[in-house]
2 protein chains.
Amino acid sequence: MTSNTAGGPSRRERMRAETIAEIKASARSQLLQHGPSGISLRAIARDVGVTAAALYRYFDSLDALLMELCCDLYDELIAETRKAMDASPPEAHLERMKAWIWAFREWAVTNRREFELMISFPEDHNAMAMCARAGEAAGLPFDPITAKSMEHAQLCGGELAKFYEETSSQGGGIPPVQLPELSPGLTAELRDRCALFVVGETVPLAWIFSFVSGWVRVFGLVVMEAFGNLPVQEHVDEFYKSQILMMMHDFGIEG
Amino acid sequence: MTSNTAGGPSRRERMRAETIAEIKASARSQLLQHGPSGISLRAIARDVGVTAAALYRYFDSLDALLMELCCDLYDELIAETRKAMDASPPEAHLERMKAWIWAFREWAVTNRREFELMISFPEDHNAMAMCARAGEAAGLPFDPITAKSMEHAQLCGGELAKFYEETSSQGGGIPPVQLPELSPGLTAELRDRCALFVVGETVPLAWIFSFVSGWVRVFGLVVMEAFGNLPVQEHVDEFYKSQILMMMHDFGIEG
DNA sequence: TATTAAAGTGAACACCGTTAGCTAACTAAT
DNA sequence: ATTAGTTAGCTAACGGTGTTCACTTTAATA
């Protein structure tokens, strides 16, 4: 009757997916209310209307559930960021990069607890080891959460690469203000590491360096704000804008 | 016999202090081994050789214990940083500020889990509320942990103020490279907030702005490295040095 | 319809933080 | 020196947690 002639997901699979979604939704609701450490497997079970033991049909452990939730949150952040970027046309690389920063901040601040879970996860518990093992099993070089984080950074890095391509092809390109002397070792590592972020082509070292510097700065801003450590607390928007301006200055762009 | 004629701490008080130290040491050892969420009150009790209930003679709750531990860790960080700064003479403000950054990083990286506890604390659990209440009770405007964090930042901010004093008194002072236009509101807030950090006198707005920017950058660097998110992972020392160079450039200093 | 795999249950285990009431030990004052 | 009061420690218990195991129900399949 319910045979799978259409090739689509069977009734059971649909049910299962629905239950999983329900579980995750409950977990997130608890995350919102009580923070990362306040998520209780038994409370989730109570919420979903099922025994605690039943959840083990869906997740190997609470940590595994949290990890999946964490990945979902990254997906949400990435989707949100991408949407914000796409509000500007594909050629407006600068605007799209600004949108990336802005969306990142917006999401992290309006979803503080989720963000807290995301950044505290990679090394919390023994989860890192678990992550790493899962990653290796799938043939990936990184644990899934680090991978997601890089996917997120790549949204901005790729845009930078495209921006370089265009500016360099139509008139010399913009020389960055200043690049300190770097050893061949660091130079190589920057290129290697950022081949993953800045997926693009032969962007010059100065750009890569400025990109990494900017990435660190934005990370600092967002984490500080989300964790309540930002010195500025009233005119945060303007402060961000001024920081963006300064970073653009590093790329030799006056905005 | 054991009367307190000398005015010093009584035998009981000494014993008590010793026990408290033992408890904290055990807590820290567990922090080191199992991370912030792996600290168990009962395990501490077992370790110290006492019943779990007995610990409540020393701390109101596990959270209270963690908070005190957190403050101790800040004290350790501050002491270490101060020591590193004092390796340079009092006039070498630039060197002392570099030492501040370097010591901060060093401590955070060699005490990752402690650092993790420290930055995840201010908002974790309901501890923030507890902190705030404790702070208000003591008449302080901030919770003790935020206060410690600011004391730490002040080590660097104060040095910057002294540096400005000297350079401005002996020949015009160094103009920072660039300061974006800031609204009166943000200007005022920067001055207000940083009156706490940069305890000093009439340092110009551009310096305050650059200081806050630098503070954000260093925070980003340290957090990323401690949490394993720093893009650079092999030539970290050199990367830090290059970042410091760039920040000095913001102050108009080539070095 | 009989078979088989999945989903769910209930009880148990070993932990956890916290509280209440009691006992022994030590301090301080009479 | 005796007494009163404080402090540190104990045991026992309560309600909570994650996790496992054996068992039953449910639903899809052959």
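Right above here is the structure, for reference.
Now for a look at the structure at hand. From a predicted model like this one, the values you see are computed outputs, not experimental measurements.

What counts and what doesn't
Residues numbered from 1 in each chain as written. Chains lettered and ligands numbered in written order. Predicted model: local features only at pLDDT ≥ 70, side-chain atom pairs only at ≥ 80, totals over all residues. Heavy atoms only, no water. Helix = DSSP H or I, 4+ residues; strand = E, 2+ residues; numbered from the N terminus. Buried < 20%, exposed > 50% of the residue type's maximum accessible area, 1.4 Å probe, protein only. Contact = heavy atoms within 4.5 Å. Areas by Shrake-Rupley, 256 points an atom, 1.4 Å probe, with all protein chains shown as cover. Near = heavy atom within 4 Å. Polar contact = N/O pair within 3.5 Å; in protein donor to acceptor, adjacent residues only side chain to side chain. Buried area = accessible area lost by both parts, 1.4 Å probe. Expected span 1.5 Å × (residues − 1). Least-squares fit on C-alpha atoms with pLDDT ≥ 70 in both. Nonpolar A, V, L, I, M, F, W, Y, C, P; charged D, E, K, R; others polar. Core = buried A, V, L, I, M, F, W, Y, C linked by side-chain atoms within 4.5 Å.

## Let's talk about the overall build of chain A
Secondary structure summary: chain A contains 10 helices and zero strands in total. Listing each helix as α and each strand as β along chain A from the N terminus yields α-α-α-α-α-α-α-α-α-α. For chain A, buried positions account for 50% of its 255 residues. Contacts in chain A between residues at least 24 apart in sequence constitute 69% of all its contacts with a sequence separation of at least 6. Put simply, chain A shows about 12100 Å² of open surface, and 54% of that area lies on carbon and sulfur atoms.

## A closer look at the protein's contact with DNA strand D
Close contacts around DNA strand D come from 23 residues, with R11(A), L41(A), R42(A), R57(B) and Y58(B) the closest. A share of 61% is what sugar and phosphate atoms reach among the atoms of DNA strand D within 4 Å of the protein. Measuring from a base nitrogen of DNA strand D, one finds a side-chain N or O atom of R42(A) at 2.3 Å. With respect to DNA strand D, the side chain of T51(B) contributes an N or O atom lying 2.5 Å from a phosphate oxygen. Contributions of two or more residues to the surface near DNA strand D are made by α1 (11-34) and α2 (41-48) of chain A together with α1 (11-34) of chain B. Ranked by the residues each element gives to the surface near DNA strand D, the list is headed by α2(A), at three residues.

## Regarding the interface of chain B and chain A
In this complex, chain B contributes 48 residues to the contact, which on the side of chain A involves 48 residues. Interface area, chain B with chain A, both sides summed: about 4600 Å², of which 60% is carbon and sulfur. Where chain B packs against chain A, one counts 14 residue pairs in polar contact (both at pLDDT 80 or more). Among the secondary structure elements, those contributing two or more residues to the side of chain B that touches chain A are α5 (112-120), α8 (184-197), α9 (205-226) and α10 (236-250) of chain B.

## Some points on α10(B)
Residue and element names in this part refer to chain B. Over its 15 residues, α10 extends 21 Å from the first C-alpha to the last, a length consistent with the 21 Å expected when each residue adds 1.5 Å. Counted residue by residue, α10 has 11 buried out of 15 residues, so it is predominantly covered. Every buried residue belonging to α10 is among V236, F239, Y240, S242, Q243, I244, M246, M247, M248, H249 and D250, and all of these are buried. Immediately downstream of α10, the backbone of G252 shows phi near 80 degrees, a positive value.

## Side note on the relation of the copies chain B and chain A
With an RMSD of 0.1 Å, the fit of chain B onto chain A corresponds to turning through 180 degrees and sliding 0.0 Å along the axis. Taken together, the rotation and translation relating the two chain copies correspond to the operation of a two-fold axis. Among all residues of chain B, the minimum C-alpha distance to the rotation axis is found for G220(B), at 1.8 Å. Interface residue correspondence from chain B to chain A reaches 100%, placing this contact among same-surface, isologous pairings.

## Structural notes on the side chain of E225(B)
Relative to the assigned elements, E225(B) resides in helix α9. The class for E225(B) is buried, based on a relative accessible area of 11%.

## Digging into the protein's contact with DNA strand C
The local shell around DNA strand C holds 23 residues, among which R57(A), L41(B), R42(B), R46(B) and Y56(B) are the closest. Of all atoms in DNA strand C that approach within 4 Å of the protein, 59% are sugar or phosphate atoms. Take S40(B): an N or O atom from its side chain is 2.9 Å from a phosphate oxygen of DNA strand C. R42(B) is positioned such that a nitrogen or oxygen atom in its side chain is 2.3 Å from a base nitrogen of DNA strand C. At the level of secondary structure, the elements contributing two or more residues to the surface near DNA strand C comprise α1 of chain A together with α1 and α2 (41-48) of chain B. Considering every element that reaches the surface near DNA strand C, the biggest residue donor is α2(B), with three residues. A class-by-class count of the residues in the surface near DNA strand C yields 10 nonpolar, four polar and nine charged.

## Overview of α9(B)
The periodicity of an α-helix, 3.6 residues per turn, causes residues three or four places apart in sequence to face the same way. Residues and elements named next belong to chain B. End to end, α9 covers 31 Å across 22 residues, agreeing with the expected 32 Å (1.5 Å per residue, within 8%). The element α9 is extensively covered by neighbouring structure, given that 22 of its 22 residues are classed as buried. Of the residues one or two after α9, G228 is the one with positive phi, at around 75 degrees.

## A closer look at the side chain of Q243(B)
Mapped onto the elements, Q243(B) comes out in helix α10. With sequence-adjacent residues up to four places away left out, Q243(B) is seen in contact with F209(A), S213(A), R217(B) and L221(B).

## Things to note about the nonpolar core
By size, the foremost hydrophobic cluster in this structure holds 149 residues, and its most contacted members are W100(A), F115(A), L190(A), W100(B), F115(B) and L190(B). Those residues within four positions of L190(A) in sequence are excluded, and the remaining contacts are L182(A), L205(A), I208(A), F209(A), V212(A) and V232(B).

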